[in-house]
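Given next are the chains, with one letter for each unit.
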Amino acid sequence: RLVDAWFSYEALLHLASEENFAAKSGPKSDKLLKSKIQNELVIDIVQDFYHQLNPILEKEKRKESLLKYIYVLLHYPGTSKSQKQHLFDFEKAVEENDLSNENYYLLLAFVYAIRNAYAHQGETARTGTDHYIVKLLILSISYNFILKFILRSATSIYEDMINNIS
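Residues numbered from 1 in each chain as written. Predicted model: local features only at pLDDT ≥ 70, side-chain atom pairs only at ≥ 80, totals over all residues. Heavy atoms only, no water.

Engineer: Please clarify how the overall build of the protein chain should be interpreted in this entry.
Structural biologist: Counting secondary structure elements, the protein chain contains 6 helices and 0 strands. Helices and strands in the protein chain line up, N terminus first, as α-α-α-α-α-α. Across the protein chain, contacts joining residues at least 24 apart in sequence account for 72% of those joining residues at least 6 apart. Working note: accessible area of the protein chain is about 8,600 Å², and carbon and sulfur atoms make up 51% of it. (Helix = DSSP H or I, 4+ residues; strand = E, 2+ residues; numbered from the N terminus. Contact = heavy atoms within 4.5 Å. Areas by Shrake-Rupley, 256 points an atom, 1.4 Å probe, with all protein chains shown as cover.)

Take a look at the structure:
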């Protein structure tokens, strides 16, 4: 499901590019223009992601499992330099229990890394974690995040398009 949802995000990037909401180049997690899709637009979605992550972070073994999984994602061969930096920042936030970073592109980079692992590395639901429940929670939280992000961003783009017609 997460891979399919990411394809919807890529369709959003296509629409965003046509309407000058996206950079012409750059990593997919950073491509939506921050001037158009600002953190304020999606801050509640980011905070909800972190809130849903709390059951993992509250238990040391689950947190260790999440950190191990982020490590695995960081070291996949196809992970770009920019994506690695975002994943490193996300890893640091998890390690320090500092989930105050409101930059949605960190979470997009995390979701994209998961998507790439499934689509290109042949990952399974059990890969990269000792605790299967952690992986299930991560997949569920990430899926909900990307769907909400797509809907909110697309709504913003369409509202702007409609306002430009008027």
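Having put the structure on the table, let's press on.
Engineer: Would you mind going over the pattern of salt bridges with me for this structure?
Structural biologist: Once the charged atoms of two side chains with opposite charge are near each other, the side chains can pair. For the structure shown, the criterion picks out 2 salt bridges. Here Asp44 ties to Arg152 by a salt bridge, and the two come within 2.8 Å at their closest N and O atoms. Residue Asp44 is found in helix H2 (residues 39-57), and its partner Arg152 is found in helix H6 (residues 132-165); the two are separated by 108 residues along the sequence. Its relative accessible area of 39% is what places Asp44 among the partly exposed residues. For Arg152, a relative accessible area of 29% translates into the label partly exposed. Across the pair Lys148 and Asp48 runs a salt bridge whose closest N-O atoms are separated by 2.6 Å. Of this pair, Lys148 sits in helix H6 while Asp48 sits in helix H2, and the two are 100 residues apart along the sequence. According to the relative accessible area criterion, Lys148 is partly exposed, its value standing at 35%. A relative accessible area of 23% places Asp48 in the partly exposed class. (Salt bridge = Lys/Arg side-chain N within 4 Å of Asp/Glu carboxyl O. Buried < 20%, exposed > 50% of the residue type's maximum accessible area, 1.4 Å probe, protein only.)

Engineer: Help me understand the packing of helix H1 (residues 2-18) against H6, please; the structure alone is not making it clear to me.
Structural biologist: Think of two packed helices as two axes; the pair is described by the angle between the axes and how far apart they sit. Following both chains from N to C, one finds H1 and H6 inclined at 20°, their axes separated by 10 Å at the closest point. Classified by the angle between their axes, H1 and H6 sit roughly parallel to one another. For the element pair H1 and H6, the recorded crossing hand is left-handed. Contacts between H1 and H6 pair Leu2, Ala5, Trp6, Ser8, Tyr9, Leu12, Leu15 and Ala16 from the former with Leu139, Ser142, Tyr143, Ile146, Leu147, Phe149, Ile150, Ser153, Ala154, Ile157, Tyr158 and Met161 from the latter. Considering only residue class, the contact of H1 with H6 consists of 17 nonpolar, 3 polar and no charged. (Axes fitted to C-alpha atoms, helices over the stretch in contact; angles between N-to-C directions. Parallel < 35°, antiparallel > 145°, perpendicular 65-115°, else oblique. Left-handed = near helix turned anticlockwise from the far one by under 90°. Nonpolar A, V, L, I, M, F, W, Y, C, P; charged D, E, K, R; others polar.)

Engineer: How should unusual backbone geometry be read in this particular structure?
Structural biologist: Of note, Asn97 is a non-glycine position whose phi angle comes to about 50°, a positive value. One can find Asn97 in the loop between helix H4 (81-95) and helix H5 (104-120). The exposure class of Asn97 is partly exposed, given its relative accessible area of 47%.

Engineer: What am I meant to see in the nonpolar core here?
Structural biologist: Inside soluble globular proteins, nonpolar side chains tend to come together where they are buried. Ranked by internal contacts, the top residues of the largest apolar core, which has 49 residues, are Leu66 and Phe110. Looking at this core, the elements with two or more residues in it are H1, H2, helix H3 (60-74), H4, H5 and H6. With sequence-adjacent residues up to four places away left out, Leu66 is seen in contact with Leu53, Ile56, Leu57, Val94, Phe110, Val134 and Ile138. (Core = buried A, V, L, I, M, F, W, Y, C linked by side-chain atoms within 4.5 Å.)

Engineer: Quick question: what am I supposed to make of H1 here?
Structural biologist: Each full turn of the α-helix corresponds to 3.6 residues, which orients residues three or four apart in the same direction. Across its 17 residues, H1 extends 25 Å between first and last C-alpha, which sits within 8% of the 24 Å expected from 1.5 Å per residue. Every buried residue of H1 is listed here: Leu2, Ala5, Trp6, Tyr9, Leu12, Leu13, Leu15 and Ala16. End-on, the buried residues of H1 take up no more than an arc of 165°, which puts them together on one face. Projecting away from the buried face of H1 at angles above 90 degrees are the exposed residues Asp4, His14 and Glu18. (Expected span 1.5 Å × (residues − 1). Arc of directions from axis to C-beta.)

Engineer: What should I look at first to understand the environment of Gln52 in this one?
Structural biologist: With respect to the element layout, Gln52 can be found in helix H2. Linking Gln52 and Ile138, residues 86 residues apart in sequence, is a C-alpha distance of 9.1 Å. With residues near it in sequence (within four places) discarded, Gln52 still touches Ile141, Asn144 and Lys148. For Gln52, the side chain forms a polar contact with the side chain of Asp48, separated by 2.7 Å. (Polar contact = N/O pair within 3.5 Å; in protein donor to acceptor, adjacent residues only side chain to side chain.)

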